[in-house]
Amino acid sequence: MNRHIVGALLLAFTVSVVLFLSYAFTFPPAKWSALWEETVLGVPFVAFLFMASGVIGVLFGVSFDWFWRKQWRAIEHALFQIEQGNTELPRQQTAKELADVWERIEKLQKHSFEQTKLTQKLVTEKVENEGELIERIISEERNRLARELHDSVSQQLFAASMMMSALMETYTGSEQEKKQLKLVEQMIHQSQLEMRALLLHLRPVQLKGKSLQDGMRELLTELAQKVPMEMKWKIEDVTLDRGVEDHLFRILQESVSNTLRHAKATMLEVLLLERDGFVILRVSDDGVGFDVERTKSGSYGLQHMYERATEIGGTLKIVSAKNKGTRLEVKVPLV
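Quick caveat, the model's predicted, so the values are computed rather than measured. (Residues numbered from 1 in each chain as written. Predicted model: local features only at pLDDT ≥ 70, side-chain atom pairs only at ≥ 80, totals over all residues. Heavy atoms only, no water.)

(A) Region of interest: the overall build of the protein. What the protein contains, in helices and strands, is 10 helices and seven strands. Taken over 335 residues, the protein has a buried fraction of 34%. Look at the contacts in the protein between residues 6 or more apart in sequence, and 67% of them connect residues 24 or more apart. Roughly 21,500 Å² of accessible area belongs to the protein as shown, and the carbon and sulfur atoms make up 58% of that amount. (Helix = DSSP H or I, 4+ residues; strand = E, 2+ residues; numbered from the N terminus. Buried < 20%, exposed > 50% of the residue type's maximum accessible area, 1.4 Å probe, protein only. Contact = heavy atoms within 4.5 Å. Areas by Shrake-Rupley, 256 points an atom, 1.4 Å probe, with all protein chains shown as cover.)

(B) Main features of the packing of helix 7 (residues 212–226) against helix 8 (residues 242–263). Running from N to C, helix 7 and helix 8 cross one another at 15°; their axes reach a closest spacing of 10 Å. In this view, helix 7 runs roughly parallel relative to helix 8, as classed from their interaxial angle. Crossing handedness for the pair helix 7 and helix 8: right-handed. Of the residues in helix 8, those in contact with Leu212, Gln213, Gly215, Met216, Leu219 and Leu223 of helix 7 are Glu245, Leu248, Phe249, Leu252, Gln253, Val256 and Leu260. Here the residues of the contact of helix 7 with helix 8 are counted per class, giving nine nonpolar, three polar and one charged. (Axes fitted to C-alpha atoms, helices over the stretch in contact; angles between N-to-C directions. Parallel < 35°, antiparallel > 145°, perpendicular 65-115°, else oblique. Left-handed = near helix turned anticlockwise from the far one by under 90°. Nonpolar A, V, L, I, M, F, W, Y, C, P; charged D, E, K, R; others polar.)

(C) Quick peek at the sheet that holds strand 4 (residues 267–275). On the basis of which strands lie adjacent, the open sheet formed by five strands has the order 3-4-5-7-6 and mixed pairing. In this open sheet, the two edge strands, each paired with only one partner strand, are strand 3 (230–235) and strand 6 (315–321). Shown here is a sheet whose adjacent strand axes are inclined to one another by a mean of 10°, direction ignored. Here strand 4 runs beside strand 5 (residues 278–285); their pairing, made up of eight bridges, is antiparallel. Bridging from a neighbouring strand, leucine 268 pairs with aspartate 285 of strand 5. (Pairing = 2+ DSSP bridges.)

(D) Summary view of the pattern of salt bridges. Following the criterion strictly, the structure yields eight salt bridges and no others. Among the ionic pairs, lysine 210 bridges to glutamate 218, the shortest N-O distance being 2.6 Å. With a relative accessible area of 30%, lysine 210 lands in the partly exposed category. Accessibility expressed as a relative area gives 36% for glutamate 218, which makes it partly exposed. As a salt-bridge pair, glutamate 230 and lysine 232 come within 3.6 Å of each other at their nearest N and O atoms. For glutamate 230, a relative accessible area of 42% gives the class partly exposed. With relative accessibility at 40%, the residue lysine 232 sits in the partly exposed group. What you see here is one network of salt bridges that share partners, running through Arg242, Asp246 and Arg250. (Salt bridge = Lys/Arg side-chain N within 4 Å of Asp/Glu carboxyl O.)

(E) Up close: the nonpolar core. If you look at the biggest cluster of nonpolar residues, it comprises 38 residues, and the most contacted ones within it are Met216, Leu248 and Val330. Grouped together as the second largest cluster of nonpolar side chains are six residues, Ala74, Ala78, Ile82 and Ile105 included. (Core = buried A, V, L, I, M, F, W, Y, C linked by side-chain atoms within 4.5 Å.)

Next up, the structure:
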């Protein structure tokens, strides 16, 4: 703004001086002192001329600056919308000088849309064309490990938890010893959550033959029966490609697993919505939270979720605060 005002002032003063000198030399006054003696609104004519030029220059500079700021803000907003994956950008009324810029923005918007569409198509084909033999071998081995862990370690942890609960109800020793037993009980409880998260990875619910909504309901219903945590979910009917459904479901599994292992939460809420041309998957808990930036660089699970979101043309955002819980949100444009 300062540059625009100073430029307008210089232009206004220059024009005023040129016009004044041209008039003065074309029609020279009888007395040059009369230019100073003559007043306008109580101000000498020469001073009034330059004051008026200054006011006009300032008004012109402010108007010029406001006009171009509006143009650049419109361009900045359009680029931000493209960055967020919005494929519906109305053309703005702009100056002719920026017509080429808007044409390039529209090309970039079209390219982003086509890229997202192609990426989702490739992901769908990749999921559909996975080798059945490899998938079956991996699935069988995972199920075998899951059965062995469930039949041995998981059952032993459950028995230990029941015994500790019974012992705590009847124990009459010192407070210090009671605190230690309570700590052991908490460790067993955390180990059970870790085991359930591990079993969730080893024997995940499969989407084969089911919709994303059915798979989510089955997964959350099973967890609600096994985990001492309040579970809430709202799942709307959204039509998606097979590859997009698979990636969203894997992100949900990873997120729930992280909540069970690390969050120490008492409530888990899952939402699947369709809003403004996007499908939104949101997972929230009331756990201990964590430093997202510090954990992101060293967590394979978080990196894997970010990669899955990117592969289907979406964005993943995680917000977490200490002792205030964590919220994960995936937004994928509907193509």
